Amino acid sequence: MHKIAIKETNNPLIIKFELEEFIVKNQSFEFKNIDETKNSPLAQQLFYLPFVKTVYISGNFIAIERFSIVEWKDVQDEVAEQIENFINSGGVIVKVEENSTKKTPVSIYAENTPNPAVLKFVSNKLLTKTMVECKNIDDTIASPLAKELFKFPFIKEIFIDENYISITKFEIANWDDVTLEVRTFIKEFIEKGNVVVDESLIVKTENHKKQQEEYFDKLDVTSQQIINILEEYIKPAVQSDGGNIMFESFDPTEKRVKVILQGACSGCPSSTFTLKNGIENMLKDMLKDQDIKVEAINA
């Protein structure tokens, strides 16, 4: 059963009637009068209300602009009930022509992370073999998806790795208000066959692996041990929280390990605690050296 939520807008003449799920995808509709509603039985029915001036249908809402003969507080509950009954009885909202493009079914779900500013959107399909971190739209050369996501004004940073996308928002937005919109956008973008990450524009995967191996072989034994511990024991846990950790350097004199935090871990309020009480303690224990110190160069 569909339930309608009534939401005010910046325009006192317009009220939004929101649903929990999207009712139209990739399109928006505006009806100025009943003659324009042949493809929308719902809009046609709404125009029988004498105070309805314009009907907008988009995403997960129906917005209605009223004439000034009534106040919304006097009629909004009645309108919400009418829309609810129409949809729950199987009424057609908008007749949309079938898209001939075959879509690939994709499942996307949102997952909280330890960082309240970051939400992790997880796919049931592999998105990339090479991680991508975008601090702004200028960093999105290799990711058409990230470029499109930055068009949402509340998105601050994007991190894509394997089968998930971690998105950092600005404080102006609340995740409760925008999660559905972002999740649906990602799902539809992937289902249309669009490229999430063009790895050829980052670095050829095989060359990247070779470079990593050459870099690893040149390191001292302790640094190699640290990388192995990070990769085997720490990275899986960090990735499950929508982030990533990378080895930066090890100073044998100061016994200081520097790491780079990405995704949900970057700027996370609990990252310092995690470094000191999790990663640092594990390295001390596994390297048998209580003088080891861990520092995030971007936390």
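The structure presented is a predicted model; accordingly, all values stated were derived computationally and were not measured.

A.B. asks: What am I meant to see in helix α4 (residues 175-191) here?
C.D. replies: With 17 residues, α4 should reach 24 Å at 1.5 Å per residue; the first-to-last C-alpha distance of 23 Å fits that figure. Among the residues of α4, those classed as buried are Trp175, Val178, Thr179, Leu180, Val182, Thr184, Ile186, Glu188, Phe189, Ile190 and Glu191. One side-chain oxygen of the residue at the start of α4 lies 2.9 Å from the amide nitrogen of aspartate 176, identifying that residue as asparagine 174. With its phi angle positive at about 85°, glycine 193 sits one or two positions after the end of α4.

A.B. asks: What is the right way to read the sheet that holds strand β3 (residues 28-31) from this model?
C.D. replies: Where strands meet in a sheet, backbone hydrogen bonds hold them as pairs that are either parallel or antiparallel. Strand order in the open sheet formed by 5 strands is β1-β2-β5-β4-β3, and the pairing between neighbours is antiparallel. Two strands close off the open sheet at either side, each with one partner strand: β1 (5-8) and β3. Ignoring strand direction, the axes of neighbouring strands in this sheet form an average angle of 20°. As judged from the 4 bridges shared by β1 and strand β2 (residues 14-18), these two strands associate in the antiparallel manner. Its bridge partner being in β2, alanine 5 is matched across the sheet by glutamate 18.

A.B. asks: Quick question: what am I supposed to make of the sheet that holds strand β9 (residues 155-162) here?
C.D. replies: If you trace the 5 strands from one edge of the open sheet to the other, you get β6-β7-β10-β9-β8, paired in antiparallel fashion. The strands lining the two open edges of the sheet, one partner per strand, are β6 (108-112) and β8 (128-134). Strand after strand, the sheet turns through a mean of 20° between neighbouring axes, direction not considered. Direction of pairing for β8 relative to β9: antiparallel, over a ladder of 4 bridges. Of the residues in β9, the one forming a bridge with threonine 128 is glutamate 162. Packed onto the sheet, α4 meets β6, β7 (118-123) and β10 (164-169) and runs at close to 30° relative to β7.

A.B. asks: What's the story with the packing of aromatic side chains in this structure? I'm lost.
C.D. replies: To describe a pair of aromatic rings, one takes the distance between the centres and the angle between the planes. Scanning all chains against the criterion turns up 8 aromatic pairs. Judged by centre distance (6.0 Å) and plane angle (85°), the ring pair of phenylalanine 51 and tryptophan 72 falls under edge-to-face. In this pair, phenylalanine 51 sits in the loop between α1 (41-46) and β4 (52-58) while tryptophan 72 sits in helix α2 (residues 72-88), placing the two residues 21 residues apart along the sequence. Measuring from ring centre to ring centre gives 6.2 Å for phenylalanine 121 and tryptophan 175, while their planes differ by 65°; the resulting arrangement is edge-to-face. You can see phenylalanine 121 sitting in strand β7 and its partner tryptophan 175 sitting in helix α4, a full 54 residues away along the chain. The pair formed by phenylalanine 121 and tryptophan 175 is uniform in burial state, with each residue classed as buried. Here a set of aromatic residues connected by ring pairs shows up, and it is made of Phe152, Phe154, Phe185 and Phe189. The ring of phenylalanine 61 is capped by lysine 16, whose NZ or CZ atom sits 4.2 Å from the centre of that ring. We note lysine 120 situated over the ring of tyrosine 164; from NZ or CZ to the ring centre the distance is 4.7 Å.

Cut-offs applied
Residues numbered from 1 in each chain as written. Predicted model: local features only at pLDDT ≥ 70, side-chain atom pairs only at ≥ 80, totals over all residues. Heavy atoms only, no water. Helix = DSSP H or I, 4+ residues; strand = E, 2+ residues; numbered from the N terminus. Expected span 1.5 Å × (residues − 1). Buried < 20%, exposed > 50% of the residue type's maximum accessible area, 1.4 Å probe, protein only. Polar contact = N/O pair within 3.5 Å; in protein donor to acceptor, adjacent residues only side chain to side chain. Pairing = 2+ DSSP bridges. Axes fitted to C-alpha atoms, helices over the stretch in contact; angles between N-to-C directions. Contact = heavy atoms within 4.5 Å. Phe/Tyr/Trp six-rings, centres within 6.5 Å; stacked < 30°, edge-to-face > 60°. Lys NZ or Arg CZ within 6 Å of the ring centre and 35° of its normal.

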